[in-house]
Amino acid sequence: MNAAQIDAGKLPVVPHVLLKLIEACHKVDVSFDEIAEIVKQDASLCTKILAVANSPLYFQWNNIDSLNRLLVVLGVDTIKTIAVTSVVQQFFPSSMRT
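Criteria and cut-off values
Residues numbered from 1 in each chain as written. Predicted model: local features only at pLDDT ≥ 70, side-chain atom pairs only at ≥ 80, totals over all residues. Heavy atoms only, no water. Helix = DSSP H or I, 4+ residues; strand = E, 2+ residues; numbered from the N terminus. Contact = heavy atoms within 4.5 Å. Salt bridge = Lys/Arg side-chain N within 4 Å of Asp/Glu carboxyl O. Buried < 20%, exposed > 50% of the residue type's maximum accessible area, 1.4 Å probe, protein only. Arc of directions from axis to C-beta. Axes fitted to C-alpha atoms, helices over the stretch in contact; angles between N-to-C directions. Parallel < 35°, antiparallel > 145°, perpendicular 65-115°, else oblique. Left-handed = near helix turned anticlockwise from the far one by under 90°. Nonpolar A, V, L, I, M, F, W, Y, C, P; charged D, E, K, R; others polar. Polar contact = N/O pair within 3.5 Å; in protein donor to acceptor, adjacent residues only side chain to side chain. Patch = residues over 30% accessible without salt bridge, like charges linked within 9 Å, V, L, I, M, F, W, Y side chains within 5 Å. Areas by Shrake-Rupley, 256 points an atom, 1.4 Å probe, with all protein chains shown as cover.

Chemist: Let's hear about the environment of Ile 79: which residues, and what values?
Modeler: Its location among the elements puts Ile 79 in helix 5 (residues 76-89). When neighbours within four sequence positions are excluded, Ile 79 is seen to be in contact with Leu 21, Phe 32, Ile 35, Ile 49, Leu 71 and Leu 74.

Structure representation (structure tokens):
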């Protein structure tokens, strides 16, 4: 299987990354640099965040050239939602999601 055949939607998010991300997002003084370092630990989560960022809703910011800037545009709540949704989806068969 080559890289082009990998379905990003089927890559599982590592739960410890989710826990670290949620802990960081609950801190009052969290920086987007800190969030970016956590997100970078999980390829699946990065892929899902990039997919949302490339959606029509965020198209106006299509010239974003760094993960940190992308995270700022999405916001902490959206980042948490993407991460939590990714983990929850792992518990349901794909036939139930369509």
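Chemist: How would you summarise the pattern of salt bridges if you had to cite specific residues and measurements?
Modeler: According to the stated counting rule, one finds 3 salt bridges in the structure shown. As a salt-bridge pair, Glu 37 and Lys 40 come within 3.4 Å of each other at their nearest N and O atoms. Lys 80 is paired through a salt bridge with Asp 77; the nearest N and O atoms lie 3.9 Å apart. Placement of both Lys 80 and Asp 77 in helix 5 is noted, with a separation of 3 residues, approximately one turn of the helix.

Chemist: Tell me what's going on with helix 4 (residues 67-74), and back it up with residues and numbers.
Modeler: Given 3.6 residues per helical turn, the α-helix brings residues three or four places apart onto the same face. Residues of helix 4 that are buried: Leu 67, Leu 70, Leu 71, Val 73 and Leu 74. Along helix 4, the residues classed as buried sweep out an arc of 160 degrees about the axis, all on the same side. Tucked into the core, helix 4 has its buried residues touching helix 2 (32-39), helix 3 (43-53) and helix 5. Of the residues one or two after helix 4, Gly 75 is the one with positive phi, at around 90 degrees.

Chemist: Report on the packing of helix 3 against helix 4, specifying residues and quantitative values.
Modeler: One way to put it is that helix 3 packs onto helix 4 with a least axis distance of 11 Å and a crossing angle of 60 degrees. One finds that helix 3 runs oblique with respect to helix 4. Pair helix 3 / helix 4 crosses with left-handed handedness. Facing helix 3, whose interface residues are Ile 49, Leu 50, Val 52 and Ala 53, helix 4 presents Leu 70, Leu 71 and Leu 74. Class assignment for the residues of the contact of helix 3 with helix 4 results in 7 nonpolar, no polar and no charged.

Chemist: Lay out the side chain of Ser 86 in plain terms, naming residues and giving numbers.
Modeler: Among the secondary structure elements, Ser 86 is positioned in helix 5. According to the relative accessible area criterion, Ser 86 is buried, its value standing at 4%. One polar contact links the side chain of Ser 86 to the main-chain carbonyl oxygen of Ile 82, over a distance of 2.8 Å.

Chemist: Just give me the short version of a nonpolar patch on the surface, but keep the residues and values in it.
Modeler: A cluster of nonpolar side chains, contributed by Val 84, Val 88, Phe 91 and Phe 92, occupies part of the molecular surface with about 380 Å² of accessible area. Locating Phe 92 in the fold gives a position in the loop between helix 5 and helix 6 (94-97).

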